[in-house]
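# Analysis of the macromolecular model
Residues per chain, in single letters:
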Amino acid sequence: MSEQLVPLFYFLLLAAVIPVLLGLYGLRRHSAPGITEFGLLMLSVAWWVLTSALEKAMPTLSSRVLWSRFQYIGIVSTAVLWFLFAVRFTRRDALLTSIVSIGLWVIPVITIILAFSNGSFHNLLWSDITPANGDPTGLLVYGHGLWFWVQAGYSYALYIAGTLVLLWAIVRFPQFYRSQAAALALAGAIPILSNILYLWNIIPVRGLDITPFSFILSGLIAAWSIF
């Protein structure tokens with residue numbers, strides 16, 4: 001691991017504790033609408049952050065790419081769980097028929113399969129993987145293949161749909177729940193903006209994805225709102 005990544009590695013390990021605690025706390029209070037989905041969402045974020053830390057700690061390029069593959073389990077799950085949380089929390093359960101509930105996971109499952117087979121059989125998810133500064137132990141830059149954009153578009157659609165459901169609740173719910181839903185809508189907007197900054201290379205540090213960090217902030221806002 002590059003010396004420059006050591007502080008980031010330990011920061012990610014410490015940051016993973018927050019969504020773990022929020023997730024476990026949410027699962028213990030599963031009687032409230034959407035809280036189970038919130039707990040699973042936070043555990044998914046924790047997995048994303050933890051595997052990101054392990055990816056940066058590995059000594060070889062192949063071992064780092066392996067943890068990037070595992071990272072996609074958390075990446076693809078957060079979008080679905082955010083949408084499920086928003087629907088359950090606002091009591092719009094009628095939207096979640098059996099077909100819809102199963103169908104939501106089709107693209108994420110395909111993405112995970114493609115992540116673990118990328119490079120061996122295709123380059124649909126990552127077109128290439130290069131060190132950001134020529135150092136294979138530093139940050140890596142993942143080129144985006146065709147399926148990456150399919151998954152990204154699908155995730156954006158779910159984040160936006162979940163946020164719109166919460167905005168709908170602002171209009172329909174009593175005043176107390178309106179402020180609660182407004183805070184949750186803000187929590188949903190933060191990861192979207194963070195990921196846009198990463199995809200458009202606006203982040204000053206090349207190869208650094210701040211999206212998992214933004215989910216931790218969103219989780220804290222959501223937890224403050226619903227608990």
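The structure this text deals with has already been given above.
Presented here is a report on the structure given in the accompanying data block. Computed from a predicted structure; not experimentally measured. For every chain, the first residue of the written sequence is number 1, and numbering continues from 1 onward in sequence order. The predicted nature of this model means local features are confined to residues of pLDDT at least 70 and side-chain atom pairs, given and counted, to a pLDDT of 80 or more, with totals for whole chains, interfaces and linings taken over all residues. Here the side-chain values reflect all heavy atoms present in the structure, with hydrogen atoms and water set aside.

Moving on: the packing of helix α3 (residues 61–89) against helix α6 (residues 146–172). Where α3 meets α6, the closest approach of the two axes is 8 Å, and the angle between their N-to-C directions is 25°. With respect to their mutual orientation, α3 and α6 come out roughly parallel. The handedness of the crossing between α3 and α6 comes out as left-handed. Here α3 contributes Y72, I75, V76, T78, A79, V80, W82, F83, A86, V87 and F89 to the contact with α6, which in turn contributes F148, Q151, S155, L158, Y159, A161, G162, T163, V165 and L166. Each axis is a line fitted through C-alpha atoms, and for a helix only the stretch in contact is used; angles between axes span 0 to 180 degrees, taken between their N-to-C directions. Secondary structure follows DSSP: runs of H or I at least 4 residues long count as helices, runs of E at least 2 residues long count as strands, and numbering of each begins at the N terminus. Roughly parallel means an angle under 35 degrees; roughly antiparallel, over 145; roughly perpendicular, 65 to 115; everything else is oblique. In this scheme the handedness of a crossing depends on how the near helix is turned from the far one: anticlockwise by less than a right angle means left-handed, clockwise means right-handed. Contact definition: two residues touch when any of their heavy atoms are within 4.5 Å.

Considering soluble globular proteins, one finds that nonpolar side chains tend to be buried as a cluster. Only buried Ala, Val, Leu, Ile, Met, Phe, Trp, Tyr and Cys residues count toward a nonpolar core, and they belong to the same one when joined by side-chain atoms within 4.5 Å. The cut-offs for exposure are 20% and 50% of the maximum accessible area for each residue type, with area from a 1.4 Å probe on protein chains only; residues under the lower value are buried, those over the upper are exposed, and the others partly exposed. By size, the foremost hydrophobic cluster in this structure holds 64 residues, and its most contacted members are Y72 and L104. Here this core takes 14 residues from α3, the largest share from any one element. Setting aside residues no more than four positions away along its own chain, L104 makes contact with V80, F83, L84, L96, Y154 and L158.

Let us now look at empty space enclosed by the protein. Buriedness for pockets is judged along seven lines, at least five of which must meet protein on both sides within 12 Å for an open set on the 1 Å grid over protein atoms alone, while cavities are sets there where a 1.4 Å probe fits but cannot get out, and lining residues have an atom within 4 Å of a point. Grid points are joined across faces, edges and corners, and a volume is the space filled by probe spheres set on the points. Per the stated rule, a full pass over the model turns up two cavities of 30 Å³ or more. What the largest cavity holds in volume is close to 550 Å³. Lining the largest cavity are 33 residues; nearest its centre among them are W48, Y72, I75, Y198 and D209. Secondary structure elements with two or more residues in the lining of the largest cavity: α2 (35–57), α3, β2 (140–144), α6, α7 (175–199) and α8 (211–226). Only Asp, Glu, Lys and Arg are considered charged in this grouping, and only Ala, Val, Leu, Ile, Met, Phe, Trp, Tyr, Cys and Pro are considered nonpolar; every other residue, Gly among them, is considered polar. Considering only residue class, the lining of the largest cavity consists of 20 nonpolar, nine polar and four charged. For the second largest cavity, the full set of lining residues is F38, L41, M42, W82, Y159, A187, G188, P191, F215, S218, G219 and A222. Among the secondary structure elements, those contributing two or more residues to the lining of the second largest cavity are α2, α7 and α8. Tallying contributions element by element places α8 first for the lining of the second largest cavity, with four residues. Looking at the lining of the second largest cavity, its residues break down into nine nonpolar, three polar and no charged.

Moving on, we come to unusual backbone geometry. Positioned with a positive phi, R91 is a non-glycine residue whose angle comes to about 60°. With respect to the secondary-structure elements, R91 resides in the loop between α3 and α4 (98–103).

This brings us to the pairing of β2. Along β2, four of the five residues are buried, which leaves the element largely enclosed by surrounding structure. Any two strands with at least two DSSP bridges between them are considered paired. Both strand β1 (residues 126–131) and β2 contribute to a ladder of four bridges, which runs antiparallel. Residue pairing across strands places W126 opposite H144, the latter belonging to β2.

A few words on the packing of aromatic side chains. Stacked, tilted and edge-to-face pairs are distinguished by plane angle, under 30 degrees for stacked and over 60 for edge-to-face with tilted covering the rest, among Phe, Tyr and Trp rings (Trp via its six-membered ring) whose centres lie within 6.5 Å. The full count for this structure, using the stated rule, is nine aromatic pairs. A centroid spacing of 5.1 Å and a plane angle of 70° characterise the contact between F9 and Y10, whose relative ring orientation is edge-to-face. An angle of 50° between the planes, with centres 5.8 Å apart, marks the rings of F38 and F85 as tilted. Taken together, the residues F38 in helix α2 and F85 in helix α3 connect sequence positions 47 residues apart. Residue classification places F85 among the buried residues on the basis of a relative accessible area of 0%.

For the rest of this paragraph, the subject is the packing of α2 against α3. Packed helices, taken two at a time, are described by the angle between their axes plus the distance between the axes. Contact geometry of α2 with α3 gives a least axis separation of 8 Å together with a crossing angle of 160°. When the axis of α2 is compared with that of α3, the two are roughly antiparallel. The chirality of how α2 crosses α3 is left-handed. Tallied by class, the residues present in the contact of α2 with α3 amount to 15 nonpolar, eight polar and five charged.

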